[in-house]
Amino acid sequence: MSALYRTIVRPIITERTSAAYQDRGEYTFEVAPDATKHAIKAAVEQLFGVKVTGVWTSIARGKTRRVGQSIGRRPHTKKAIVKLRDGDTIAIFEG
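Residues numbered from 1 in each chain as written. Predicted model: local features only at pLDDT ≥ 70, side-chain atom pairs only at ≥ 80, totals over all residues. Heavy atoms only, no water.

**Digging into the sheet that holds strand E2 (residues 26–31)**
In step 1: The sheet built from four strands is open, its strands ordered E1-E2-E6-E3 with antiparallel pairing. With partners counted over all chains shown, the strands left at the sheet margins are strand E1 (8–11) and strand E3 (52–60), one partner each. In this sheet, adjacent strand axes meet at a mean angle of 30° when their direction is disregarded.
In step 2: Pairing of E2 with strand E6 (residues 77–84), which is carried by six bridges, proceeds in the antiparallel orientation. Residue pairing in the sheet places Val-31 in a bridge with Lys-78 of E6. (Pairing = 2+ DSSP bridges. Helix = DSSP H or I, 4+ residues; strand = E, 2+ residues; numbered from the N terminus. Axes fitted to C-alpha atoms, helices over the stretch in contact; angles between N-to-C directions.)

**Some thoughts on helix H3 (residues 37–48)**
In step 1: Relative to the 16 Å expected for 12 residues at 1.5 Å per residue, H3 spans 16 Å between its end C-alpha atoms, a close match to the ideal helical length.
In step 2: Turning to H3, its buried residues are Ile-40, Ala-43 and Val-44. Viewed along the axis of H3, the buried residues span an arc of 95°, placing them on a single side of the element. For H3, the exposed residues set more than 90 degrees away from the buried face come down to His-38 and Gln-46. (Expected span 1.5 Å × (residues − 1). Buried < 20%, exposed > 50% of the residue type's maximum accessible area, 1.4 Å probe, protein only. Arc of directions from axis to C-beta.)

See below:
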């Protein structure tokens, strides 16, 4: 069970993702950088008790930031957009 929570880091709830799940039934999660589509699908199905029909992933490269003379970098993040079958919902996005 702990591997499931390491795969799904957190849900991403923004105005854009709210419109996506209301219109198309797509939910967005931040996932571990080494997570595969099969692992993401299995984790969402077991954690939330729903049926996943599609998974899309993308990696956002971390931006370089400068504070004074030192240069740093924000971490890379990976997100997954998960489509559920008609009628399935995830409660944490609804309310």
